[in-house]
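Per-entry structural report
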Amino acid sequence: MKANDDKSISWSELYEAVVAVPLQVRDDSRISLLAPFVFGFGITTAMFGYYVNADIVSESNSLGTEALGFLEAWSYFVAVISAYPYAYMANHFKRGQDWVIQFGSLAFLSCGVLVLSIPLENLGTWGVMIVVKGMYGLGRGVFEGSCRAVYA
């Protein structure tokens, strides 16, 4: 076996990999400033996974577990389609990327407000879930696009 085919990692390479993220947080304030948005994404995703999908959609008389795949696909579809207007806004308007991130935060916030404020019997319906999952998709589009672009 040739030396350049060796897949082992040296101690110095391991050290560099371990300290890379803390050094980036220390040296680049954008990472710390994005933390609340990333936490919002995580909390919203957990709310959907462990409450909305498990207790609301799955137990709904009009939706049920058969609807989960469609609703998840809908939110991903909205995230993909929203990437184009987000990119346009971020690239063509002054502070456009800031506005996109703020919109994503509002989208995640609106998901929580809607789930909290709509009565349970209405929450488990197609119309409401399409709107709520669509709002989640708008926020996820920001997370997967603009937010990750800052890290890249």
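Before any of the text, the structure's been laid out above.
Residues numbered from 1 in each chain as written. Predicted model: local features only at pLDDT ≥ 70, side-chain atom pairs only at ≥ 80, totals over all residues. Heavy atoms only, no water.

A few words on the overall build of the protein chain. Along the protein chain, the regular secondary structure elements total six helices and zero strands. Beginning at the N terminus, the succession of helices and strands in the protein chain can be written as α-α-α-α-α-α. Here the protein chain has a C-alpha radius of gyration of 20 Å; the compact-globule value for 152 residues is 15 Å, and the former is much larger. For the protein chain, the residues scored as buried account for 34% of the 152 residues in total. When contacts within the protein chain are restricted to residue pairs at least 6 apart in sequence, long-range pairs at least 24 apart make up 74% of them. Put simply, the protein chain has 9 plus and 13 minus side-chain charges, and the middle of one group is 10 Å from the middle of the other. (Helix = DSSP H or I, 4+ residues; strand = E, 2+ residues; numbered from the N terminus. Rg over C-alpha atoms; globule rule 2.2 N^0.38 Å. Buried < 20%, exposed > 50% of the residue type's maximum accessible area, 1.4 Å probe, protein only. Contact = heavy atoms within 4.5 Å. Lys, Arg positive; Asp, Glu negative; His and termini not counted. Charge placed at Lys NZ, Arg CZ, Asp CG, Glu CD.)

All right, on to the nonpolar core then. Among the nonpolar cores identified, the biggest contains 25 residues, and Phe48, Val52, Val57, Leu123 and Met129 are the most heavily contacted of them. Of all the elements, helix α2 (residues 29-57) adds the most residues to this core, at eight residues. Contact partners of Phe48, with chain neighbours within four places excluded, come to Asn53, Ala54, Cys111, Val132, Lys133 and Tyr136. (Core = buried A, V, L, I, M, F, W, Y, C linked by side-chain atoms within 4.5 Å.)

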